[in-house]
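Letter by letter, the chains look like this.
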Amino acid sequence: FTTHSLTSGEHEITVSAEDNDGYSSSKSFNIATTAPASVTLHEPQLADGQVQLEWSEYPNSDFLHYEVYRSEGECSEQNAELLASITDKGTTNYTDDSLPLAYQVCYFIKVTNSWEFSSNSNQQIVELPSDHIFNFVPYDMLKHPTQPFVYLLDRGGQKFIKYDYEEMSTVE
């Protein structure tokens, strides 16, 4: 069984089987022959508090848009945040200049074609995207529930630091 001879579009395929005793079963599923080719996300470049992303251009004429996604921590499409939607097929770069205070972030590019089908690129991880903010590695951290502050414990220096992550500065 192959799908090579199917025309472009969505198709419903039904598979049926019958055993020697006459018991039968059927299963139907949808298949699309219009899924777009994926693009390749190259290794991100971290410089001057920004992550620069570049990817390969979508090769076909049925291009609709690119979407740039970022997730914090482990690579997760479910928890990914949409950063940008790009409708120019030739624009294959994006600069993320609002980096979260996180140990790592993960990026991927979703390409959607004119049939409204999409596919995701490979995922790329950036370690310490906000770079080292302090000259120590915090022993513990607590985020204020309503204010843009984190409280950091520097056990080696025996210091407790209040940091404003919106202003990117230590609060006295």
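Residues numbered from 1 in each chain as written. Predicted model: local features only at pLDDT ≥ 70, side-chain atom pairs only at ≥ 80, totals over all residues. Heavy atoms only, no water.

A short note on the overall build of the chain
Within the chain one finds zero helices and 14 strands. When its helices and strands are written in sequence order, the chain yields β-β-β-β-β-β-β-β-β-β-β-β-β-β. Against the globule reference of 16 Å for 172 residues, the chain gives a C-alpha radius of gyration of 24 Å, more extended than a compact globule. Expressed along its principal axes, the backbone C-alpha trace of the chain runs to roughly 80 × 45 × 25 Å. Here the chain holds 172 residues, and 34% of them are scored as buried. When contacts within the chain are restricted to residue pairs at least 6 apart in sequence, those whose partners lie at least 24 apart make up 49%. Of the charged side chains in the chain, 8 are positive and 27 negative, and the gap between their average positions amounts to 9 Å. (Helix = DSSP H or I, 4+ residues; strand = E, 2+ residues; numbered from the N terminus. Rg over C-alpha atoms; globule rule 2.2 N^0.38 Å. Buried < 20%, exposed > 50% of the residue type's maximum accessible area, 1.4 Å probe, protein only. Contact = heavy atoms within 4.5 Å. Lys, Arg positive; Asp, Glu negative; His and termini not counted. Charge placed at Lys NZ, Arg CZ, Asp CG, Glu CD.)

Concerning the pairing of strand β12 (residues 149–154)
Burial of β12 is extensive: five of the six residues sit out of reach of the surface. Bridging between strand β11 (residues 140–143) and β12 involves four bridges; their strand directions are antiparallel. The residue of β12 that forms the bridge with Met-141 is Leu-152. Turn length for the β11-β12 hairpin, with the two strands adjacent in sequence and antiparallel, is five residues. Across six bridges, β12 lies against strand β13 (residues 159–164) in antiparallel orientation. Across the sheet, Leu-152 pairs through a bridge with Ile-161, a residue of β13. The loop that links β12 with its antiparallel partner β13 comprises four residues; one of these, Gln-158, has a positive phi angle of about 50°. (Pairing = 2+ DSSP bridges.)

Details of the packing of aromatic side chains
As enumerated under the stated definition, the model contains five aromatic pairs in all. On the numbers, 5.5 Å between centres and 70° between planes, the contact of Trp-55 with Tyr-66 is edge-to-face. Taken together, the residues Trp-55 in the loop between β4 (50–54) and β5 (63–72) and Tyr-66 in strand β5 connect sequence positions 11 residues apart. A relative accessible area of 0% places Tyr-66 in the buried class. Both rings, one in Phe-63 and one in Tyr-66, keep their centres 4.6 Å apart while their planes meet at 55°; by these two values the pair is tilted. Pair check on accessibility: Phe-63 and Tyr-66 agree, each one buried. What links up through ring pairs into an aromatic cluster is the set Trp-55, Tyr-58, Phe-63 and Tyr-66. (Phe/Tyr/Trp six-rings, centres within 6.5 Å; stacked < 30°, edge-to-face > 60°.)

Brief notes about the pattern of salt bridges
Summed over the entire model, instances satisfying the criterion amount to two salt bridges. The salt bridge partner of Glu-81 is Arg-70, with a shortest N-O separation of 3.1 Å. Linking Glu-81 in strand β6 (residues 81–86) with Arg-70 in strand β5, this pair joins segments that are 11 residues apart in sequence. Between Arg-70 and Asp-96 there is a salt bridge whose closest N-O contact spans 2.6 Å. With Arg-70 in strand β5 and Asp-96 in strand β7 (residues 93–96), this pair connects stretches of sequence that are 26 residues apart. Take Arg-70: its relative accessible area is 5%, and that puts it in the buried class. A residue is classified by how much of its surface remains accessible, and Asp-96, at 0% relative accessible area, is buried. (Salt bridge = Lys/Arg side-chain N within 4 Å of Asp/Glu carboxyl O.)

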